[in-house]
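Notes for the structure review
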Amino acid sequence: MLKQHEQSERTVSALVADYPDGASTGEHAHARAQLLYAISGVMVVRSATGHWVVPPTRAVWLQPNVVHEVRMCGPVQMRTVFVASDAHGELPRSSCVVSVGPLLRELIVAACKVPLNYPENSRDDRLMLLLLDELRTTSTLPLHLPLPAHPGIGKVCQLLMEDLADGQATERWARLTGMTTRTFQRTFTRETGLTFGQWRQQVRLLAALERLARGERVIDVAFDSGYASQSAFTAMFRRQFGVPPSAFYQ
């Protein structure tokens with residue numbers, strides 16, 4: 001089925017795939033760009049350069065040939081749109097999480113009912129073109145955790161992912177890599193595009209999103225993420241996403 005979509009004569013195609021909680025697609029890649037959207041459930045998409053947490057009302061856009069794995073948090077009703085490289089217009093030029101408004105959501109759902117090789121200049125063709133138009137105007141969201149190629153910086157990131165509550169100063173992590181603090185900070189930003197502090201906040205946020213998706217209490221997530229109180233965690237969460245944790249999945 002996937003091969004048929006990759007070889008379709010049409011620019012856009014879509015399909016349905018449902019998964020149980022904890023399921024994984026395994027590592028794979030596609031020749032076409034891919035828009036991954038879940039009607040329900042949360043997806044965690046991992047690649048060599050980072051990972052994305054994708055709740056409902058969001059989707060992840062993956063560039064062609066990006067090796068990735070999708071892991072499900074809760075039962076996931078996945079809807080996938082494949083886009084050929086000859087699509088015209090300002091589609092996202094890098095892999096990212098995008099907002100899915102009501103119209104784009106309904107277009108994705110409708111696209112999954114369209115036959116693979118629909119007639120050109122037909123209603124189905126116009127539906128697919130409108131889907132691309134909506135995708136071009138949607139906003140990107142900060143739900144990506146970039147991972148470094150540098151082995152020393154990569155070791156620091158791995159340790160922080162294993163202990164989200166760790167609050168040790170930058171100087172300690174710099175010593176672990178054998179760098180001065182200034183060199184460590186400069187290298188970290190070059191490798192990830194974020195400062196060390198920004199990256200540490202991002203890894204906590206994305207881990208929190210996974211746990212909140214499973215229905216865990218906000219106060220437990222806050223303390224395990226290294227925050228002194230639920231209110232401090234909630235304030236940081238609201239600054240990042242515009243809503244409190246309790247409202248994020250509504």
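Residues numbered from 1 in each chain as written. Predicted model: local features only at pLDDT ≥ 70, side-chain atom pairs only at ≥ 80, totals over all residues. Heavy atoms only, no water.

On to the overall build of the protein, then. Check the secondary structure of the protein and you find nine helices and 10 strands. In terms of C-alpha radius of gyration, the protein reaches 20 Å, essentially the compact-globule figure of 18 Å for 250 residues. Each principal axis of the C-alpha distribution contributes one length, and for the protein these read about 60 × 35 × 30 Å. A buried classification covers 47% of the 250 residues belonging to the protein. Considering only contacts in the protein between residues 6 or more positions apart, those separated by 24 or more positions represent 73%. Of the roughly 12,000 Å² of accessible surface on the protein, a fraction of 51% belongs to carbon and sulfur atoms. Separation of charge centres in the protein, based on 26 positive and 23 negative side chains, amounts to 6 Å. (Helix = DSSP H or I, 4+ residues; strand = E, 2+ residues; numbered from the N terminus. Rg over C-alpha atoms; globule rule 2.2 N^0.38 Å. Buried < 20%, exposed > 50% of the residue type's maximum accessible area, 1.4 Å probe, protein only. Contact = heavy atoms within 4.5 Å. Areas by Shrake-Rupley, 256 points an atom, 1.4 Å probe, with all protein chains shown as cover. Lys, Arg positive; Asp, Glu negative; His and termini not counted. Charge placed at Lys NZ, Arg CZ, Asp CG, Glu CD.)

Every regular strand shows the same layout, with side chains that alternate between the two sheet faces. Counting buried positions along strand β7 (residues 76-83) yields seven of eight residues, so the element is predominantly enclosed. Bridging between strand β2 (residues 33-38) and β7 involves six bridges; their strand directions are antiparallel. Bridge pairing in β7 places Ala38 opposite Met78. (Pairing = 2+ DSSP bridges.)

Across the interface, helix α7 (residues 196-213) lies against helix α9 (residues 230-241) with an axial gap of 12 Å and an inter-helix angle of 100 degrees. By the criterion of interaxial angle, the relationship of α7 to α9 is roughly perpendicular. Where α7 approaches α9, its residues Gln201, Gln202, Leu205, Ala208, Leu209 and Leu212 are matched on the opposing element by Phe233, Met236, Phe237, Gln240 and Phe241. Each residue belonging to the contact of α7 with α9 can be placed in one class, and the counts come to eight nonpolar, three polar and no charged. (Axes fitted to C-alpha atoms, helices over the stretch in contact; angles between N-to-C directions. Parallel < 35°, antiparallel > 145°, perpendicular 65-115°, else oblique. Nonpolar A, V, L, I, M, F, W, Y, C, P; charged D, E, K, R; others polar.)

Ordered by their spatial adjacency, six strands build an open sheet running β1-β7-β2-β5-β8-β9, and the pairing between neighbours is antiparallel. Unpaired on one side and paired on the other, β1 (12-19) and β9 (140-141) mark the two borders of the sheet. Taken strand by strand, helix α2 (residues 102-111) contacts β1, β2, β7 and β8 (96-99), and its axis lies near 105 degrees from that of β2. Contacting β1, β2, β5 (58-62), β7 and β8, helix α3 (residues 123-137) runs over the sheet at an angle of about 80 degrees to β1.

What follows concerns α3. Each α-helix turn comprises 3.6 residues. Residues three or four places apart therefore point the same way. Compared with an ideal rise of 1.5 Å per residue, which puts 15 residues at 21 Å, α3 spans 21 Å between its outermost C-alpha atoms and is within 8% of the ideal. Buried residues along α3 sit in contact with β1, β2, β5, β7, β8 and α2. (Expected span 1.5 Å × (residues − 1).)

This brings us to the packing of aromatic side chains. Enumeration according to the criterion identifies six aromatic pairs in this entry. Considering the side-chain rings of Phe184 and Phe196, the 5.4 Å spacing of their centres and the 65 degrees angle between planes classify their relative orientation as edge-to-face. Remark: Phe196 occurs in helix α7 and Phe184 occurs in helix α6 (residues 181-192); sequence separation between them is 12 residues. Like Phe196, Phe184 is buried. Three or more aromatic residues joined by ring pairs make a cluster, and in this case those are Phe184, Phe188, Phe196 and Trp199. Across from the ring centre of Tyr118, 5.8 Å away, lies the NZ or CZ of Arg10, which sits over that ring. (Phe/Tyr/Trp six-rings, centres within 6.5 Å; stacked < 30°, edge-to-face > 60°. Lys NZ or Arg CZ within 6 Å of the ring centre and 35° of its normal.)

Moving on: the layout of surface pockets. Over the atoms a probe the size of a water molecule is rolled, and this reveals where empty space is left. There is about 280 Å³ of room inside the largest pocket. Around the largest pocket, the lining comprises 18 residues; the ones closest to its centre are Arg10, Thr11, Val12, Asp125 and Leu129. For the lining of the largest pocket, the per-class residue count stands at seven nonpolar, four polar and seven charged. The volume enclosed by the second largest pocket comes to roughly 210 Å³. Taken together, 14 residues line the second largest pocket, and the ones lying closest to its centre are Pro142, Leu143, His144, Leu194 and Gln202. Taken together, the elements giving at least two residues each to the lining of the second largest pocket come down to β8, β10 (144-146) and α7. (1 Å grid on protein atoms, 1.4 Å probe; cavity = no way out; pocket = protein on both sides within 12 Å on 5 of 7 lines; lining within 4 Å. Points joined across faces, edges and corners; volume = space filled by probe spheres on them.)

Taken in spatial order, the four strands make up an open sheet running β6-β3-β4-β10, and their pairing is antiparallel. Of all strands in the sheet, those with a lone pairing partner are β6 (68-73) and β10, marking the two edges. Neighbouring strand axes in the sheet, compared pairwise and without regard to direction, differ in orientation by 15 degrees on average. As judged from the six bridges shared by strand β3 (residues 42-47) and β6, these two strands associate in the antiparallel manner. If you follow Arg46 over to β6, its bridge partner there is Glu69. Packed onto the sheet, α7 meets β3, β4 (50-54), β6 and β10 and runs at close to 135 degrees relative to β10.

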